[in-house]
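Observations on the three-dimensional arrangement
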Amino acid sequence: GFDSQFAVKVLGHWALIGRLMPLILTTPGARIVTLSSTAQHVGRAIDVDDPHMSEGYDAWSMYGQTKLAMRHLAVGLQDRFDAAGVDAKALSAQPGLTNSDLQTTTQSHGGAGVLGALAEPMTKVVGMSTERGALSQLRAATDPDAPGGGFYGPLFATFGPPVRKPLVRPGGNA
């Protein structure tokens, strides 16, 4: 009964983190890294009365919404870790424009629209390899100076080496 993007990208992660929480709470220096995207900037807060966008559904809008939700999840978890004095960090990262099968699959399933018709060939030409796209997540997981709630991504937004981005909370609060 859940939108598949919302179920996989948000609820599934939330359920897994919940199951792992006893281990996270008892492991000093534990880290959780959620996967976001530059699409978080087009995302909107989840409407609790219609989390699946049943009215006016758009695949790309849902994608942005789920990626913003993952950013919020990291920041919210970190707030709770800090308040409870838990030695754990929640961070998020985005892979940049990565030549995975995301654009191809979205296009072939008819959910990409005009944006997908442009994004698929562009990604094949200028997108980073999946190995390079994974570097931001790896950096978030291993950077000894990572701030709780921090965000990592490619230097040039969609490509480049992984860097820590300015610590700005979703919604614009520092």
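This section reports on the structure supplied with the text. (Residues numbered from 1 in each chain as written. Predicted model: local features only at pLDDT ≥ 70, side-chain atom pairs only at ≥ 80, totals over all residues. Heavy atoms only, no water.)

**Structural notes on the overall build of the chain**
Within the chain one finds six helices and four strands. Helices (α) and strands (β) of the chain occur, in sequence order from the N terminus, as α-β-α-β-α-α-α-α-β-β. For the chain, buried positions account for 41% of its 174 residues. When contacts within the chain are restricted to residue pairs at least 6 apart in sequence, those whose partners lie at least 24 apart make up 68%. (Helix = DSSP H or I, 4+ residues; strand = E, 2+ residues; numbered from the N terminus. Buried < 20%, exposed > 50% of the residue type's maximum accessible area, 1.4 Å probe, protein only. Contact = heavy atoms within 4.5 Å.)

**What to know about the pairing of strand E2 (residues 88–93)**
Burial within E2 is extensive, with five of its six residues counted as buried. Taking the sense of rotation as the criterion, the β-α-β connection linking strand E1 (residues 30–35), helix H2 (residues 59–84) and E2 turns out right-handed. Two strands pair when backbone bridges link them, and E2 and strand E3 (residues 151–154) are joined in this way by two bridges, in the parallel orientation. Bridged to Ser92 within E3 is Phe151. (Right-handed = clockwise from strand over helix to strand, strands pointing away. Pairing = 2+ DSSP bridges.)

**Notes on the nonpolar core**
Grouped together as the largest cluster of nonpolar side chains are 18 residues, with contacts concentrated most on Ile17, Met21, Ile24, Ile32, Leu77, Phe81 and Ala88. Among the secondary structure elements, those contributing two or more residues to this core are helix H1 (4–26), E1, H2 and E2. For this core, the element with the highest residue contribution is H2, accounting for seven residues. If we ignore the near neighbours within four places in the chain, the residues touching Ile32 are Ile17, Ile24, Leu77, Phe81, Lys89, Ala90 and Leu91. (Core = buried A, V, L, I, M, F, W, Y, C linked by side-chain atoms within 4.5 Å.)

What is shown is where atoms sit, not what they do.
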